[in-house]
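# Structural features, examined
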Amino acid sequence: MSDTLSTSHADHSGEEQKYHAFINLALVLAAITGIELVLVYLPINGTFIFATLVSLSLFKFFSVIAWFMHLLYDKLILTLAFGTGLSIASGTVVALMFIMDRGFVDFEAISAF
Amino acid sequence: MSDDAHNNDSHHNLMVNNKKLLMWLFLGSDCMFFGTMISTHLIYRKLYPESFDPTSLFSLELTSFSTFILLMSSFLMALAVSAMHKGDIKSFRRNTLGVIFFGLIFLACQVFEFTEFVHEGLTLNSGTFGSTFFMLTGTHGVHVAIGVFWLTCMYFYSYTGKMDPHESAIDVEVAGLYWHFVDIVWIIIFTVIYLIEFIK
Amino acid sequence: MSSTLTEPTTPATHDHALKPEKSNLGLMRPDHSKSVIIDWLTTVDHKKIGIMYGAMALFFLLVGGLEALIIRAQLIVPENDLVSAERYNQLFTMHGTTMIFLAIMPLNAAFFNFLVPLQIGARDVAFPRINSFSLWAFVAGALVLNFSWLMQAFSELGWFTASGPTAGMTDFVPGMGWFGYAPLTERQFTGVGTDFWIMGLQILGIASLSASMNFIATIVNMRAPGMKMMRLPVFTWMTLIVSLLIVFAFPAITIALGQLMFDRVFDTSFFQVAQGGQPILWQHLFWIFGHPEVYILVLPAMGIVSEVLPTFSKKPLFGYSIVVFSGAVIGFLGFAVWSHHMFTTGLGKVATAAFSLLTMAIAVPTGVKIFNWIGTLWGGRVRFDAPMIFSVGFIWMFMMGGFSGIMHSAAPADAQQQDSYFVIAHFHYVAIGGILLASISGLYFWLPKILGKMWAGKLSTWVAILSTVGLNVTFFPMHFLGLIGMPRRTHTYLSGFGWEGYNMICSIGAFILGFSILLFVVDIILLMTKGKPAGNDPWDARTLEWATTSPPRSYNFARTPIIPARDALWEHKHGAKNRKITFVDEGIHGIHMPSQSWMPFIASFGFVPLGLGLCLMQAGVAYMGYVTIGGLAIIALGVTLWAIEGPGGYHLHPKEDEI
């Protein structure tokens, strides 16, 4: 009944291909982490660094999902199930960041500062 | 069509395994869970950027190292799942042990880091930064610990002889999904809590 | 086999003395138990679980109703002293929390559990043991939350005083509103009542989350052959959408409650102003959950009405695809409107305008559904049996709640209505006029299937008349009360504002409503004691659950049906020859049934020491921290053993001619 029974032979070569994909991705991820570490110390424009860091993390995030977690090889319904949660979470985070503003804070009431 | 509708290995209309669908739904829910905590942290950093400067406390080298460790553990986990699909229990055991080992190293780094911070004066009670930092990284650490526990149980279970590769491949895959998710949440946390504080 | 409610009176199958077997743990599985108690505690049968959810829901409906009647009795005249201000706050807090989390949500869960596998032609849900876990976790949460009443009683009797973290506080029952706004919920301002509320809701959240993931997997994966998504009954579609809403909305409140708990237990700064915390953040996080929550409450009711109206009009639902699509749009948009609960908090012009517009937008798919329901009635051969009376009542009463809702969506108008009785009028019309009437409709419709007995007499007509009269007499005047300025959540009021007359009318109406619910309970008791056998299909209905016996056998269908069309049973009975339901040949193995298990019960039992331990620790009782940790350990142990024991299972062989 499970996926593997009917495709046991084809799977071995499929697994081989996946194995190579995994190794490559692992190396890429390690490299990216190194780049991020170096990037923050470089004397370049802050906004550029921020944008690059966010892009690199997003790449790491989605590539682990696509390859290590197999979503690329699996049925669409799983991408939809996860993607809906991800979209709602992202939308909420973005909305909250826009709504919460320093202008509304009553700094008089905060004894900690 | 077979009627073993209660056999959790079954999958029917959309040909997606029940357990796998369940885990992806859980992970979608967990996105919202971590998303809420991350947005709390970001909101308070937006409101009070001058209240605390973590760059003197954070050791980017240590945190990059633990990030690297977790990424590599994810790689080993993918290999473990692959091994189980091929029916190679010995390879599965080796890789799973690797994941457990790396996971423990990650946890050790976290514990070391937290202890350092507490000594330096950053605790749960240190204003909004302390609250959000420790709750977020602490919850993530608990997720890692649960994953380590799960994989350890699986590792020992593989020695009982009750683990048939074809039946259990899905269970290993589901554990793998959880572990990878814990890794990708850390990728976000690393960027959003640590790295961006260092941008001038 | 044990003789329980869901077993039919004639023994159905010839099972050669089924014996329980050992699980992978080496322990005996509790299958085929002779003890009724063990059978029901360890059951994984979705029908029994549904019945237990329903029974608990109806019990808590009465508890919440009693809390409401005391509230209305207090408010019947100005400056009344039936209850103190503190007690009044606790009453409205518990009334709201009980009705939402302990009455409506489990009643919806009861319908989901009983109906969904039957409606899709399956034998059970995708994960039967998780289903059992959800039920018992719900029971644990209900217990933890209501244990607070016991503590309050002990306090009143002088047997217990709070010490330690909440020394000097006298509120043991939650009294800060069902929405728990910070900073009132911080340790300096409220006692362990807040802790009971936090832990109760967290446990209930876990119950809901696990159940909904189960239902999504079931609906996606376990449909009978031919049961395409667009052939599903609308009720099943609504279950799917509601389950998705639960999965994505509950984490927000889980975190908010967690942060509040950290503030109270570990003195963090999430919402404590002096340390930089922003209480408004609580409001945001709560309503990010809270708004989808009200759609979680109402969409199942809409699903029920979408089943009852076609059945009693002998016509298919008008615009099936649009009704389903509207349900999905309502669900999705529901995540985008949360700040309409916060129009008066000073969000700023842009945010206020955005949320106002989005809230108005949500009225559109809702209106579309109403037109489709009316279209269903139009031209049909309408029979006004009990379920139909309530569903038609739903259309009108829910619309009235919708009208006051759209009035709220205009932010300038809401500036006056917020925190006044106008809001109370709005949500009680949608909750009672909408959700309760639809739920009663569903109970009148499906209880004959669930219990196997038919309603007798016309008490239902009296229930309908009195509940509608009661609803309107209680809540219609509240629109005016709100517009002339009476604020919510005040334990009494002075005379001279012109509020006295309205309040007296509202209180009288509340007792009429309460009486109608009493009549409903009487009707159910009459059904259980004097009802005649219902037969498989007493209403000449349209969907698959009516193709089974009443009550259905433990395995639901002797042979899996193959579905040719939407409204499959109706097509089978009255449609063309090529639209008949056929059956899968099961073969010699028979029907595979899931084994029963103790583990879900054991795992969810751990929630009780977890919840109570933390609350009592906050009240200053010694060693309670260890009890809390012990609770966690029990949960972990239960789950681990559950994973190892394996699903098990046994086989049944129904007779040839059985359905």
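Residues numbered from 1 in each chain as written. Chains lettered and ligands numbered in written order. Predicted model: local features only at pLDDT ≥ 70, side-chain atom pairs only at ≥ 80, totals over all residues. Heavy atoms only, no water.

## Regarding a nonpolar patch on the surface
Residue and element names in this part refer to chain A. Our working definition: Each patch is built from residues that are more than 30% exposed by relative accessible area and take part in no salt bridge. Like charges join if they lie within 9 Å; nonpolar side chains (Val, Leu, Ile, Met, Phe, Trp, Tyr) join within 5 Å. The Shrake-Rupley method, run with a 1.4 Å probe sphere, supplies the accessible areas, and residue values consider only the shown protein chains as cover. By definition here, a salt bridge exists when the distance from a side-chain nitrogen of Lys or Arg to a carboxyl oxygen of Asp or Glu is within 4 Å. Going along the chain from the N terminus, every DSSP run of H or I of four or more residues is numbered as a helix, and every run of E of two or more is numbered as a strand. Exposed residues in this analysis have more than 50% of their type's maximum accessible area, buried residues have under 20%, and partly exposed residues fall in between, with area computed by a 1.4 Å probe over protein chains only.
Residues Val38, Leu42, Ile44 and Phe48 make up a contiguous nonpolar surface patch of about 340 Å² in total accessible area. Residue position: Val38 is located in helix H2 (residues 8–39). Its relative accessible area of 47% is what places Val38 among the partly exposed residues.

## Describing the interface of chain A and chain B
Filter applied, for reference: Contacts between residues were defined by any pair of non-hydrogen atoms, one from each residue, lying within 4.5 Å. Once two parts are brought into contact, the accessible area they lose, counted with a 1.4 Å probe and summed over both, makes up the buried area. In protein, a polar contact requires one atom able to donate a hydrogen and another able to accept it; more generally it is a pair of N or O atoms within 3.5 Å, and residues adjacent in sequence count only if both atoms are side-chain atoms. Each residue gets one label: Ala, Val, Leu, Ile, Met, Phe, Trp, Tyr, Cys and Pro are nonpolar, Asp, Glu, Lys and Arg are charged, and the others, such as Gly, are polar.
Across the boundary between the two partners, chain A contributes 53 residues, which contact 54 residues of chain B. Of the roughly 5100 Å² buried at the junction of chain A and chain B (both faces included), carbon and sulfur atoms supply 77%. At the boundary of chain A with chain B, the tally comes to 2 salt bridges. A salt bridge links Glu50(B) to Arg102(A), with the shortest nitrogen-to-oxygen separation between them at 3.3 Å. Applying the counting criterion to the chain A and chain B interface returns 7 residue pairs in polar contact (both at pLDDT 80 or more). Contributions of two or more residues to the side of chain A that touches chain B are made by helix H1 (3–6), H2, helix H3 (46–68) and helix H4 (76–99) of chain A. Here the side of chain A that touches chain B takes 13 residues from H4(A), the largest share from any one element. Counted by class, the side of chain A that touches chain B contains 35 nonpolar, 9 polar and 9 charged residues.

## So, the side chain of Thr93(C)
Residue and element names in this part refer to chain C. You can see Thr93 is positioned in helix H3 (residues 85–120). Of the polar contacts made by the side chain of Thr93, one reaches the backbone nitrogen of Gly177; its length is 2.8 Å. In contact with Thr93, not counting residues within four places along its chain, are Pro174, Gly175, Met176, Gly177 and Trp178.

## Some thoughts on the confidence of the model for chain B
Caution is warranted with low-pLDDT regions, since their predicted coordinates should not be read in detail. Using the following cut-off: Confidence of the prediction at every residue is given by pLDDT, a number between 0 and 100.
With 92% of its residues at a pLDDT of 70 or more, chain B shows a mean pLDDT of 89. Contacts from residues 1–11 of chain B, a stretch scored under 50 in pLDDT, to residues over four places away or in other chains number 37 contacts.

## Quick word on the packing of H4(A) against helix H7 (residues 279–313) of chain C
To characterise two packed helices, one gives the angle between the axes of the helices and the distance between these axes. Definition in use: Note on geometry: axes are lines fitted to C-alpha atoms, helical ones only across the stretch in contact, with angles between N-to-C directions running from 0 to 180 degrees. The sense of a crossing depends on the near helix, which, turned anticlockwise from the far helix by less than a right angle, makes the crossing left-handed and, turned clockwise, makes it right-handed.
Two numbers describe how H4(A) lies on H7(C): the axes approach to 12 Å, and their chain directions differ by 145°. The handedness of the crossing between H4(A) and H7(C) comes out as right-handed. Between H4(A) and H7(C), the contacting residues are Thr92(A), Leu96(A) and Ile99(A) on the first element and His284(C), Leu285(C) and Ile288(C) on the second. Across the contact of H4(A) with H7(C), the residue classes break down as 4 nonpolar, 2 polar and no charged.

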